[in-house]
Amino acid sequence: AAGQRVGLDPRTWLRATHPSNYVLLAAAHTAVGAALRVAGMNAGGGVVALQGVGSALCAVAAAVWLMFFSAAMAVYETTSLPLRSLPLLDFGAPPPPSGDLGEEAAAAGGSDEGLPLLEVDVLVCGGSISGLSVASLLGRAGVRTLLVERREEPVTDARFLFCNPATMDILSKVLDPDLLEELRVQRAWPQHAPFGTILATGLAHEDGSARCRGSALGPSPASLKADPSRMNAITESRCVGCASARFVHPTRCMQSHQEQVLKAQAERCASNEVRYGHELLSLAHEGVEEEEQSGTCILALLRPTGGAPETRYRVRCKYVVGADGPASRVAELVGAKYDGFLGLNKSRSIAVVVPGLAARLARTIGFAHQYWLLRKRRGLGLVVPVDPVSDLFNLMPFPVGELFQQSPTRVAEEMTGTSRFTLKQEKPWWWNFFVARQFSHGRAFLVGDCAHSWPPFGGLGGNTAYADAFNLSWKLAAACRGEASQALLNSYDIERRQAVLSTAMYVLGLVPRPAAMKPLLAPVFEWWPFSRWLRLIWHHKSSGLHAANHFASSGIMFGGKLNFSPLVAREAILPPDDPACGYQPVLRAGARLPHLLLPDGTAIAEHIANDRYTLLLLADASATAEALRAALQARGVACKVARVAVHAKGQETSGGQLAFEYAKHAMLVVRPDLHVAWRLKLSARPPDAAAVESVADTLSGRSGGGTDRWAEVERSTDYDSMRSYRLFMTQRFQAKLRPLGFAFPQATKVDGVTKAEAIAAVKANARTAPAAKGEFTTTTKATDLLAGGKEPAAAAGSERTGGEGSKEP
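Being a predicted model, the structure only gives us computed values, none of them experimental.

A. Quick look at the sheet that holds strand S9 (residues 278-286). Within the open sheet, the four strands sit side by side as S1-S11-S10-S9. Their pairing is mixed. Across the chains shown, the open sheet's two edge strands, defined by having one partner strand only, are strand S1 (117-119) and S9. On average, adjacent strands in this sheet sit at an angle of 25 degrees to one another, irrespective of strand direction. Judged from the three bridges that link them, S1 and strand S11 (residues 313-317) form a sheet pairing that is parallel. Of the residues in S11, the one forming a bridge with Leu118 is Val315.

Structure below.
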């Protein structure tokens, strides 16, 4: 309103009054004011007035800081402002009920009436870990699912390695017990291998330069299993574990092994069909006579990868899941838009097999999850034992010193200390950072690297992709059973984008600045005081007590809250946990169900259904449970009733105070993704019929007569609060992205544009076009290099961005 009174467009007005601008203004006033005060004190005499000017500027800075906090809180707390009228908020609204696939997708249908037609419930495009997880979960729920992947087989190179405890919870729901055991034991790192990091000057160097300069190691999975009490604040950081998790420690397993196990699980399901070597060409809406689908489905056109026109075929489905990586064909067809940067920095990954190196390290400097190497007069880098059993190592030189510019063979010799190795792959790749503005477009949903991608710092790319699949799968299963409301489908975008933005802002703080490292570190890298200072900083950061190792992210893993979700009967806004080692288990609606080991030896998560709500009875609440079950059934929503025994006495070793919290509750309603949707405390009065109906309305998204409540939800103050919070989180993310433009001047900013537009901008950028030509549209499948350390010419189009998808820009 203020902007309109002075003739400003609302978009311009909001950008001018953006809270982050107050931060820049206050910082400038503070710096200038402090400089003038120092100048005045040093000069004395005639320029003492400078102190007064400096003090005045500092006072102005303090006032600006107050304006920043006031503006930020105003955005956060807004509940009644008619935000829908502002064009700036177009990207913040959930997708419309009708579900437009986008102009390009709608126009791409064409007339292919004579082609073979296959009918399924869900089409999953992409054989990434997220796509295979969706297909496996849907298959286990009996949903007819077709998964197509451009590649002929799962990936074979070294990518995502670290399945954190939250992901292991998900995989325990995705995989059959025998496949889960295969992933955790047979295909994973040896159980006796410790976690943590070692700072060293070499690995297998015979000249005596291989020395351990510092270690931050944690216990191995085997020792943690034998003595869980060894997990504390320090070891939790070094192990990337969580003492409050069912799977206390993570599983270290190559993405190639993960995809093979997930593919086997997807193919086990009788309702699934898995087709590798097939690609999506187009998507279009089609009307069908199905009342529960509002007369609409999706018609997809596919073919074998690179096949002739006569090999094309059609697939009619109810929903499409895009899991085909950053260069997603699904995202392109639906016109998905993104915020972020492309081409932040170019990095290198060199995969080598060094026979006997893992055993040698265990005997000499010690075995660890990763090694930071400081090579005198050469540079520094990171070495990760990808598969210790086969002695496969991943070498990543940093852009400091001459090592980064050397050939792959020379880098491998310098970092491993031996010439007895086999060079498997050499993959230059770009750091990209982007998040989609919408994760769902009607009947099309984006998961994994298709919706978000960032550099691999923190190991959160693949783990976030697993969480996307877990959140979406049970909702699609309910939709295919005819139980889904519009609120259920829209909740995926609302819930996951909020969680992904929080994760993205955490990862932003972990991204190093190579452009600053090279001119600042290289000249003084060999200077003794600097190298000593670098070691002290490394010890400080790896101690587990000061923000810890950057892999320590229990708050990200388990601390996400479903605030403003239309499927949660929340009591209050739950504050977020500290992302690094800050998870605080709470038993509240909207929070993740805390792990508890029951007296019968089972975990409480094992009693939660995979594809429907679970009414978890902790005490005598049979009447309320039966009333709620009947109310949900009247709305066409199935649920499971499970009774578990939680005894407060004797639980100190398996749950401590948490067991007493469980014992205070009569019933919990838990979603398949292990989040609490509603709770009933023992001290509370049993809900009456109207209260039970209200809870059923929220959980189902339907009224008692079975009609959809989404229009009613849109008119509520909670919906306005959700949109305000969504705007706040988006603007906060965009503000945190701004420094990347200064730290990486060669990068191309992505501001609400499609991938095609972003790639065109990269190629048009005079500073990066020569180096970036074609690199953002290639597949991630790297060409294997010749054996025996021979170095072939670089293959065209072999560069990648890193991640879990099958195609990457």
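Let us keep going from here.
B. Fine view of the pattern of salt bridges. Overall, the coordinates contain 40 salt bridges when judged by the stated rule. The salt bridge involving Arg329 is made with Glu332; its shortest N-O contact spans 3.1 Å. With Arg329 and Glu332 both in helix H12 (residues 329-334) and three residues apart, the pair spans about one turn of that helix. Its relative accessible area of 37% is what places Glu332 among the partly exposed residues. Of the charged contacts in the structure, one is a salt bridge between Arg709 and Glu712, with a shortest N-O distance of 3.4 Å. A relative accessible area of 42% means that Glu712 is categorised as partly exposed. Shared partners join several salt bridges into a network, and the residues in it are Arg140, Asp176, Asp178 and Arg268.

C. A look at the side chain of Glu483. Note on placement: Glu483 falls in the loop between helix H15 (461-480) and helix H16 (486-508). Since its relative accessible area comes to 11%, Glu483 is described here as buried. A distance of 3.0 Å separates the side chain of Glu483 from the side chain of Arg481, its partner in a polar contact.

D. Representation of the packing of helix H6 (residues 129-140) against helix H11 (residues 255-268). Look at H6 against H11: their axes get within 9 Å of each other, and the N-to-C directions meet at 25 degrees. Classed by the angle they form, the pair H6 and H11 counts as roughly parallel. Relative to H11, the crossing made by H6 is left-handed. Note on element contacts: H11 touches H6 through Gln255, Gln258, Glu259, Leu262, Lys263, Gln265 and Ala266, opposite Ile129, Leu132, Ser133, Ala135, Ser136 and Arg140. For the contact of H6 with H11, a count of residues per class yields five nonpolar, five polar and three charged.

E. Local environment of the packing of aromatic side chains. The full count for this structure, using the stated rule, is 17 aromatic pairs. A centroid spacing of 6.4 Å and a plane angle of 45 degrees characterise the contact between Phe439 and Tyr492, whose relative ring orientation is tilted. In this pair, Phe439 is assigned in the loop between strand S17 (422-436) and strand S18 (440-441) and Tyr492 in helix H16, connecting sequence segments 53 residues apart. Note on Tyr492: relative accessible area 0%, which makes it buried. Ring geometry for Phe564 versus Tyr725: centroids 5.1 Å apart, planes at 35 degrees, classification tilted.

F. Seen up close, the sheet that holds strand S22 (residues 639-643). Read across the open sheet, the four strands follow the order S22-S21-S23-S24; overall the sheet is mixed. On the outer flanks of this sheet lie S22 and strand S24 (676-681), each paired with one strand and no other. Each strand axis lies, on average, 15 degrees off the axis of its neighbour in the sheet, ignoring direction. For strand S21 (residues 613-617) and S22, the ladder comprises five bridges, and the chain directions are parallel. From the neighbouring strand, Leu616 faces S22, where its bridge partner is Ala642.

G. Inspection of helix H7 (residues 165-174) at higher detail. Among the ten residues in H7, ten count as buried, and that is most of the element. Looking at where H7 begins, the residue whose side-chain oxygen comes 3.1 Å from the main-chain nitrogen of Ala166 is Asn164.

H. Region of interest: the state of the cysteines. Within this structure, the stated rule accounts for zero disulfides. The thiol sulfur of Cys163 is not disulfide-bonded, and the nearest other cysteine sulfur, from Cys253, lies at 6.4 Å.

I. Region of the structure containing H16. In this model, H16 (23 residues) spans 33 Å end to end at C-alpha, consistent with the 33 Å of a helix rising 1.5 Å per residue. Most of H16 is tucked away, with 21 of its 23 residues classed as buried.

J. Just the pairing of strand S12 (residues 319-322), in detail. Burial along S12 is two-sided: Tyr319 and Val321 facing one way and Val320 and Gly322 facing the other are all buried. Of the pairings in the sheet, the one linking strand S2 (residues 122-125) to S12 comprises four bridges and is parallel in character. Within S12, the position partnered with Cys125 by the bridge is Gly322. One ladder, built from three bridges, connects S12 with strand S19 (residues 444-446); its direction is parallel. Bridge pairing in S19 links Gly322 to Leu446.

Conventions used here
Residues numbered from 1 in each chain as written. Predicted model: local features only at pLDDT ≥ 70, side-chain atom pairs only at ≥ 80, totals over all residues. Heavy atoms only, no water. Pairing = 2+ DSSP bridges. Helix = DSSP H or I, 4+ residues; strand = E, 2+ residues; numbered from the N terminus. Axes fitted to C-alpha atoms, helices over the stretch in contact; angles between N-to-C directions. Salt bridge = Lys/Arg side-chain N within 4 Å of Asp/Glu carboxyl O. Buried < 20%, exposed > 50% of the residue type's maximum accessible area, 1.4 Å probe, protein only. Polar contact = N/O pair within 3.5 Å; in protein donor to acceptor, adjacent residues only side chain to side chain. Parallel < 35°, antiparallel > 145°, perpendicular 65-115°, else oblique. Left-handed = near helix turned anticlockwise from the far one by under 90°. Contact = heavy atoms within 4.5 Å. Nonpolar A, V, L, I, M, F, W, Y, C, P; charged D, E, K, R; others polar. Phe/Tyr/Trp six-rings, centres within 6.5 Å; stacked < 30°, edge-to-face > 60°. Disulfide = S-S within 2.5 Å. Expected span 1.5 Å × (residues − 1).

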